[in-house]
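An overview of the molecular structure
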Amino acid sequence: MKKLVRILKNVFRPFITIWTRPVIDGWYGGIWTYRAHLQKHPTKVRMVLYNHYLAEYGAWVGIEAEIAGEPRCPHGCFGLFISKAAKVGKDCVIFQQVTIGSVTTAGSKRIGAPTIGNNVYIGAGAKIIGNVKIGDNCRIGANCIVTKDMPANSVAYMSGLQIVVKEEPQDNSFTIECLEK
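Reference entry: report on the structure contained in this document. This structure is a prediction, so every number in the text was calculated from the model and none was measured.

Within the secondary structure, S154 is located in the loop between β12 (145-146) and β13 (155-156). At 2.6 Å, the side chain of S154 and the backbone oxygen of P151 are in polar contact. Once residues within four sequence positions are removed from consideration, S154 is found in contact with N137, C138 and R139.

Right, dumping it as structure tokens:
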């Protein structure tokens, strides 16, 4: 039975790939509209299209996540991860490679998922992890790791660049052999 399922997946995968973008981008006007429709009218076929569409971008957005309105993703949803327990407010701008992730490990300090307010700007590569509250009108800089609450109208940014000067030249060559060790 498992072999039959695998064969069927391989047979139908090209058809799913061909139809995913025209259906979601064309008929529904984008992933966020399609997601809202899917939440109201879930079917297995629609879920397959949704997951396949996101997988093409290396993204995952939990269908259970509460997302008010449609977030703006200026560079598309490449690498975007939003936990199924997260809450995202209206008019948010989310750049590529952003993680809005839950903490579920027993004994952790911030078990839970992030709650993000309205009109929040989240820069490329930012990580918002655990049960944190991000207030309205906040700005989170590129590559920031946010694990604490942010009051409304605040900014999070990474500290300056640190440069370490070495006495000897560094061997920066790359070979396959170095991976096999």
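After presenting the structure, the write-up continues.
Further remarks concern the nonpolar core. Note on soluble globular proteins: their nonpolar side chains tend to be buried together. L80, I100, I122 and I134 are the most contacted members of the largest nonpolar core, which totals 39 residues. Elements with a minimum of two residues in this core: α1 (2-27), α2 (31-40) and α3 (44-56). Contacts of I134, omitting those with residues within four sequence positions, involve T115, I116, G117, V120, I128, I140, V146, K148 and M150.

Let's shift gears to the pattern of salt bridges. A side chain of one charge can pair with a side chain of the opposite charge if their charged atoms are brought near each other. According to the stated counting rule, one finds 2 salt bridges in the structure shown. Salt-bridge contacts for R72 lead to D91; the nearest nitrogen and oxygen are separated by 4.0 Å. Of this pair, R72 sits in the loop between β2 (66-67) and β3 (81-82) while D91 sits in the loop between β4 (87-88) and β5 (93-94), placing them 19 residues apart in sequence. The class of R72 is partly exposed, set by a relative accessible area of 42%. A relative accessible area of 45% means that D91 is categorised as partly exposed. The residue D149 makes a salt bridge to R110 at a minimum N-O spacing of 3.3 Å. Here D149 is found in the loop between β12 and β13, whereas its partner R110 is found in the loop between β6 (99-101) and β7 (115-116), with 39 residues between them in sequence. By relative accessible area, which is 31% here, R110 ends up partly exposed.

Rules and cut-offs
- Residues numbered from 1 in each chain as written.
- Predicted model: local features only at pLDDT ≥ 70, side-chain atom pairs only at ≥ 80, totals over all residues.
- Heavy atoms only, no water.
- Helix = DSSP H or I, 4+ residues; strand = E, 2+ residues; numbered from the N terminus.
- Polar contact = N/O pair within 3.5 Å; in protein donor to acceptor, adjacent residues only side chain to side chain.
- Contact = heavy atoms within 4.5 Å.
- Core = buried A, V, L, I, M, F, W, Y, C linked by side-chain atoms within 4.5 Å.
- Buried < 20%, exposed > 50% of the residue type's maximum accessible area, 1.4 Å probe, protein only.
- Salt bridge = Lys/Arg side-chain N within 4 Å of Asp/Glu carboxyl O.

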